[in-house]
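# Descriptive structure summary
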Amino acid sequence: MKPILILYASREGQTGRIAAYIGEKIRSHDFPATVLNADPISENFSLTPYAAAIIAASVHGGKHEREIVRFVKHYRDALQQMPTAFVSVSLSQAGVQDEKATSESRAKAAADVQRMIDDFLAETQWRPAIVRPVAGALMYSKYNFLLRMVMKRIARRAGASTDTSRDQVFTKWQDLDTVVENLLRLLPAPASAPYHPPMGEIA
Ligand SMILES: Cc1cc2nc3c(=O)[nH]c(=O)nc-3n(C[C@H](O)[C@H](O)[C@H](O)COP(=O)(O)O)c2cc1C
């Protein structure tokens, strides 16, 4: 059985954890999975050994990681020939799912998420079968002093926690379970074993 590729790009580590989780989930369904960081990816890399691909990228400054944009543009034709999913990781998606936020601010966050995904798909011209926005994290422990202050301001505006003494994870892991289940449904059924009729059925 060919493995399913999970290729990711991450700046502060959350998308790496998401990719590892997806890999484990796939294995729990008895399918092989290979988790790879897009930075760096070998020049001789090929998608031929894989049955399907899940590509995950986080958003910084309104854009998905550039190594994923590069990868998808380069391998687009091969990606179009296999079942694929795109997982977009952002803080805006945490705003979409924040039940304490006003409907106005959730709608604004949803529009931001959609715009960032639309920009990515327009730039790469890739048409994945599954597109799933996923909430990321505020990794205050990974930011330098200046970035911690900037992110604290962004978090305040987004209604997220401004307690910089600990990291805040917003990822809803069950969203990833759904991505895996939907992708596995797209895999071609294994060639069925040849039918050997029982003796009594032979005419
Ligand atoms: C400098 C910086 C800029 C960010 N810009 C955005 C942004 O424009 N929109 C957004 O929704 N999230 C933004 N985020 C939130 C990240 O997408 C979120 O922290 C995500 O979990 C990062 O994933 P990673 O740890 O895999 O890099 C930003 C985070 C940082 C640190």
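Refer to the structure presented above.
The following refers to the structure shown. Because the structure is predicted, anything quoted here is derived from the model rather than measured.

Quick look at the overall build of the protein now. Counting its secondary structure elements, the protein contains six helices and eight strands. Ordering the α and β elements of the protein from the N terminus gives β-α-β-β-β-α-β-α-α-β-β-α-β-α. Out of the 203 residues in the protein, the part that is buried amounts to 34%. Relative to all contacts within the protein whose residues are 6 or more apart in sequence, the contacts with residues 24 or more apart total 79%.

What follows concerns the pairing of strand S2 (residues 33–37). Pairing analysis gives five bridges linking strand S1 (residues 4–9) to S2, with the strands arranged parallel. Considered in S2, the bridge of Leu7 is made with Leu36. With helix H1 (residues 14–28) bridging S1 and the parallel S2, this β-α-β connection has right-handed handedness.

Looking now at the site of the ligand. The environment of the ligand is made up of 21 residues, and the closest members are Ser10, Thr15, Ser58, Ser90 and Gly136. Among the secondary structure elements, those contributing two or more residues to the shell around the ligand are H1, strand S3 (52–60), strand S5 (84–90), strand S7 (137–138) and helix H5 (145–158). Of all the elements, S3 adds the most residues to the shell around the ligand, at three residues. Here the residues of the shell around the ligand are counted per class, giving eight nonpolar, 11 polar and two charged.

This part is about unusual backbone geometry. A cis amide bond links Asp39 with the next residue in sequence, Pro40, at an omega value of 5°. Topologically, Pro40 is positioned in the loop between S2 and S3. A positive phi angle is found at Gln125, which is not glycine, with a value near 60°. Looking at the element boundaries, Gln125 is found in the loop between helix H4 (103–124) and strand S6 (130–135).

If you look at the biggest cluster of nonpolar residues, it comprises 45 residues, and the most contacted ones within it are Ile6, Ile22, Ile54, Ile55, Ala56 and Val87. Counting residues per element, this core draws most heavily on S3, which supplies seven residues. Residue contacts for Ile6: discarding those within four places in its chain leaves Ala19, Ile22, Gly23, Ala33, Val35, Ile54 and Ala56.

With respect to the element layout, Ala158 can be found in helix H5. For the pair Ala158 and Asp98, spaced 60 residues apart in sequence, the C-alpha to C-alpha distance is 9.2 Å. Setting aside its immediate chain neighbours within four residues, Ala158 contacts Leu91, Ala94 and Gly95.

What follows covers H4. With 22 residues, H4 should reach 32 Å at 1.5 Å per residue; the first-to-last C-alpha distance of 32 Å fits that figure. Every buried residue of H4 is listed here: Ala109, Asp112, Val113, Phe120 and Thr124. Buried residues along H4 cover an arc of 95° about the axis, so they all sit on one side. Of the residues in H4, the exposed ones pointing more than 90 degrees away from the buried face are Ser103, Glu104, Ala111, Arg115, Asp118 and Ala122. On its buried side, H4 packs onto strand S4 (63–64), helix H2 (66–80), S5, helix H3 (92–96) and S6. Positive phi appears at Gln125, one or two residues downstream of H4, with a value of about 60°.

Conventions adopted
- Residues numbered from 1 in each chain as written.
- Predicted model: local features only at pLDDT ≥ 70, side-chain atom pairs only at ≥ 80, totals over all residues.
- Helix = DSSP H or I, 4+ residues; strand = E, 2+ residues; numbered from the N terminus.
- Buried ≥ 20, exposed ≤ 12 C-beta atoms within 10 Å, placed from the backbone.
- Contact = placed C-beta atoms within 7 Å.
- Pairing = 2+ DSSP bridges.
- Right-handed = clockwise from strand over helix to strand, strands pointing away.
- Near = placed C-beta within 6 Å.
- Nonpolar A, V, L, I, M, F, W, Y, C, P; charged D, E, K, R; others polar.
- Core = buried A, V, L, I, M, F, W, Y, C linked by C-beta atoms within 7 Å.
- Expected span 1.5 Å × (residues − 1).
- Arc of directions from axis to C-beta.

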